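Each chain is listed here by its residues.
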Amino acid sequence: MRKPTELEELAARPAPGADEVAGTFVREPHDQLASESDYERVMANLSFGVDFTDYMAHATWTADKGWHNKRIEPYGPLTLDPAGAVLHYGQETFEGMKAYRHDDGSIWTFRPTYNAARINMSNRRLAIPEISREDYLASIVDLVRADARWVPSDEGTSLYLRPFVFASESFLGVRAASRYEYLVIASPSGAYFKNGLQPIDLWVDRTYHRAGPGGMGDVKTGGNYASSLLPKVRAAEAGFDEVLFLDAATNTNLDELGGMNVFVVMADGSVKTPALTGNILPGGTRSSIIQFLEAEGVNVSEETISLQSVLDGLDSGDVAEMFACGTAAVVTPIGRLASEDFDVAVPVGEKTKQIYEELTAIQLGHAEDRFGWLYKIADA
Ligand code: COI
């Protein structure tokens, strides 16, 4: 049996319930809530991450007070000095989570303690002060309760939550800042890829890497995503949906996509995903899929996967399917892999769809929550 990762162990520790942490972020008055017509227009037309709710969670860190001024305030622009450290040296971390409306109208989220542990792993790497898991949970609970009307209920929709921390001290020296802001914003969202469960085409990039040994590839910080943008622009110009990055050390093994992990389904029913080498984000969706497949007796291995072995496997039929996964992308089939010297179709089959359905059934309360991953935020 696979040994749990440190994040999985931290996430599994008993956590306070929503009512125990609620009220930590104090709700401020809001006199400009979205009008009923604006609300209806947004909810009738959900895309990903373009519309935002009425409120946001916000706290500030200073050396003398730690995290303080924890509030739920009206969503809106921030005031940031042009010398604010994050604008110059990118000292920031973030997370991605979702709140789901279940059939009875109640609101839930999925493995929030995993995200709480991971933002602190990211914070440690970026020399940012940690946030207690109680405060992290409270920020989610208090924001979602304030914004409850924005949690959609149609299949494939959710309230996407984006917690983030950034250095707000004004100075130009290169050092860890002495002031930080923590925020959570929320966006009622539909599918990340506009075609939903349609397969995506990947460009395998051999020129650029998103992260290298000893870098920041295993934590969630804007710089990793910034480094993926130029390759993504080039790939999009050539008609591809996403980029598959190879490892920076050898330029031969699969790492991950710009913002998603990658899985390979073998014809014998086993499933593979690149091992967590330090360059790869330990995705919560990745971890969940590994755990439920293993529990069902599927042979899942986390290993070095060379690009050549995938191309050979596609050629011989040993590789049956491939998919990408992440909080935003959920489980998305991969339909094509191409680079300068190859362009191959990847079969799209039932296994990916089955994994998507199993995962979303747990998240939506349609399947038994046998791993204790659901966290109730609010009653109907
Ligand atoms: C997520 O999946 O939540 C992320 O943060 C990745 C990003 C591509 C949206």
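Keep in mind that this is a model prediction, so the values were computed, not measured.

Enquirer: Could you clarify how one ought to interpret helix 7 (residues 222-237) in this entry?
Expert: Within an α-helix, residues lying three or four positions from one another point in the same direction, as the helix has 3.6 residues per turn. Spanning 16 residues, helix 7 covers 23 Å between terminal C-alpha atoms, matching the ideal 22 Å at 1.5 Å per step. Of all the bends in helix 7, the largest measures some 35 degrees and sits at Leu229, one to four residues before the proline Pro231. Along helix 7, the positions that sit buried rather than exposed are Asn224, Tyr225, Ser228, Pro231 and Ala235. Along its buried surface, helix 7 packs onto strand 4 (92-94), strand 9 (200-205) and strand 10 (242-246). Note on helix 7: the residue one or two positions beyond its end, Gly239, has a positive phi of about 95 degrees.

Enquirer: How should the pairing of strand 9 be read in this particular structure?
Expert: The side chains of a regular strand alternate between both faces of the sheet. In terms of burial, strand 9 is a largely internal element, 5 of the 6 residues being buried. Direction of pairing for strand 9 relative to strand 16 (residues 330-339): parallel, over a ladder of 4 bridges. Among the inter-strand pairings, Ile200 is bridged to a residue of strand 16, identified as Ile334. Where strand 9 lies against strand 10, 4 bridges are found, and the strand directions are parallel. The residue bridging Leu202 from the neighbouring strand is Glu242, located in strand 10. Regarding topology, helix 7 serves as the crossover connection from strand 9 to the parallel strand 10, and that connection is right-handed.

Enquirer: Help me out: how do you make sense of the site of the ligand in this one?
Expert: Taken together, Phe94, Gly96, Tyr160, Arg162, Tyr192, Lys220, Gly259, Thr327 and Ala328 make up the full set of residues adjacent to the ligand. In this structure, Arg162 approaches the ligand through a side-chain N or O atom, which is 3.4 Å from an oxygen atom. The separation between an oxygen atom of the ligand and a polar main-chain atom of Ala328 is 2.8 Å. Contact with the protein chains covers 90% of the free accessible surface of the ligand, which is 280 Å².

Enquirer: Teacher, can you tell me more about the environment of Thr157 here?
Expert: Tracing the sequence through the fold places Thr157 in the loop between helix 6 (133-146) and strand 7 (158-167). Taking the relative accessible area as the measure of exposure, Thr157 reaches 14% and is therefore buried. Along the chain, Thr157 and Gly258 lie 101 residues apart, while their C-alpha atoms are 22 Å from each other. Those residues in contact with Thr157 that sit more than four places away from it in its chain are Leu46, Pro152, Ser189 and Gly190. Of the polar contacts made by the side chain of Thr157, one reaches the backbone oxygen of Asp154; its length is 2.5 Å.

Enquirer: Before we go on, may I ask you to explain the packing of aromatic side chains in this structure?
Expert: Aromatic ring pairs: the centre-centre distance and the angle between the two ring planes describe each pair. Tallying each qualifying case throughout the model produces 13 aromatic pairs. For the ring pair Tyr39 and Trp150, a centre distance of 5.0 Å and an interplane angle of 75 degrees mean the geometry is edge-to-face. Of this pair, Tyr39 sits in helix 3 (residues 36-43) while Trp150 sits in the loop between helix 6 and strand 7, placing them 111 residues apart in sequence. Considering the side-chain rings of Phe48 and Tyr160, the 4.8 Å spacing of their centres and the 65 degrees angle between planes classify their relative orientation as edge-to-face. Here Tyr160 lies in strand 7 and Phe48 lies in the loop between helix 3 and strand 2 (55-62), a separation of 112 residues in the sequence.

Enquirer: How should the pattern of salt bridges be read in this particular structure?
Expert: A pair can form between side chains of opposite charge whenever their charged atoms are brought close. For the structure shown, the criterion picks out 23 salt bridges. Between Arg2 and Glu8 there is a salt bridge, with the nearest N and O atoms lying 3.0 Å from each other. With respect to class, Arg2 is no different from Glu8; both count as buried. For the salt bridge of Arg206 with Glu340, the shortest nitrogen-to-oxygen distance reads 3.5 Å. One end of the pair, Arg206, is in the loop between strand 9 and helix 7; the other, Glu340, is in the loop between strand 16 and strand 17 (342-345), and 134 residues separate them in sequence. Judged by its relative accessible area of 55%, Glu340 is exposed.

Enquirer: Help me understand empty space enclosed by the protein in this model?
Expert: The method is simple in principle: a probe with the dimensions of a water molecule rolls over the atoms, and the space it marks as empty is what remains. For the coordinates displayed, the defined rule picks out 1 cavity of 30 Å³ or more. Here the largest cavity defines a volume of roughly 150 Å³. Lining the largest cavity we find 16 residues, and of these Tyr100, Phe110, Thr285, Thr327 and Gln363 sit closest to its centre. The set of elements that each furnish at least two residues to the lining of the largest cavity consists of strand 5 (97-101), strand 6 (107-110), helix 5 (112-125), helix 8 (284-295) and helix 10 (350-363). Broken down by element, the residue count for the lining of the largest cavity peaks at 3 residues, all from strand 5. Here the lining of the largest cavity is built from residues that sort into 6 nonpolar, 8 polar and 2 charged. Summarising the domain contributions, the lining of the largest cavity has at least three residues from each of domain 1 (6-192) and domain 2 (200-364).

Enquirer: Can you walk me through unusual backbone geometry in this structure?
Expert: Residues apart from glycine generally show negative phi values, whereas peptide bonds are mostly found in trans. Although it is not a glycine, Asn69 sits at a positive phi angle of roughly 50 degrees. Assignment of secondary structure puts Asn69 in strand 3 (residues 66-74). Positive phi, close to 55 degrees, is recorded for Val330, a residue that is not glycine. A residue is classified by how much of its surface remains accessible, and Val330, at 15% relative accessible area, is buried.

Enquirer: Help me understand the UniProt feature "modified residue: N6-(pyridoxal phosphate)lysine" (unreviewed entry) in the protein in this model?
Expert: Feature annotation in UniProt places "modified residue: N6-(pyridoxal phosphate)lysine" (unreviewed entry) on Lys220, given in this structure's numbering. Positionally, Lys220 belongs in the loop between strand 9 and helix 7. For Lys220, a relative accessible area of 9% corresponds to the buried category. Contact partners of Lys220, with chain neighbours within four places excluded, come to Glu92, Thr93, Phe94, Glu95, Gly96, Arg118, Ser122, Tyr225 and Leu281.

Cut-offs and rules
Residues numbered from 1 in each chain as written. Predicted model: local features only at pLDDT ≥ 70, side-chain atom pairs only at ≥ 80, totals over all residues. Heavy atoms only, no water. Helix = DSSP H or I, 4+ residues; strand = E, 2+ residues; numbered from the N terminus. Expected span 1.5 Å × (residues − 1). Bend = angle between axes of the 7 residues up to and from the residue. Buried < 20%, exposed > 50% of the residue type's maximum accessible area, 1.4 Å probe, protein only. Contact = heavy atoms within 4.5 Å. Pairing = 2+ DSSP bridges. Right-handed = clockwise from strand over helix to strand, strands pointing away. Near = heavy atom within 4 Å. Polar contact = N/O pair within 3.5 Å; in protein donor to acceptor, adjacent residues only side chain to side chain. Areas by Shrake-Rupley, 256 points an atom, 1.4 Å probe, with all protein chains shown as cover. Phe/Tyr/Trp six-rings, centres within 6.5 Å; stacked < 30°, edge-to-face > 60°. Salt bridge = Lys/Arg side-chain N within 4 Å of Asp/Glu carboxyl O. 1 Å grid on protein atoms, 1.4 Å probe; cavity = no way out; pocket = protein on both sides within 12 Å on 5 of 7 lines; lining within 4 Å. Points joined across faces, edges and corners; volume = space filled by probe spheres on them. Nonpolar A, V, L, I, M, F, W, Y, C, P; charged D, E, K, R; others polar. Domains from an automatic or database assignment. UniProt positions renumbered as here; feature names shortened; annotations may be inferred.

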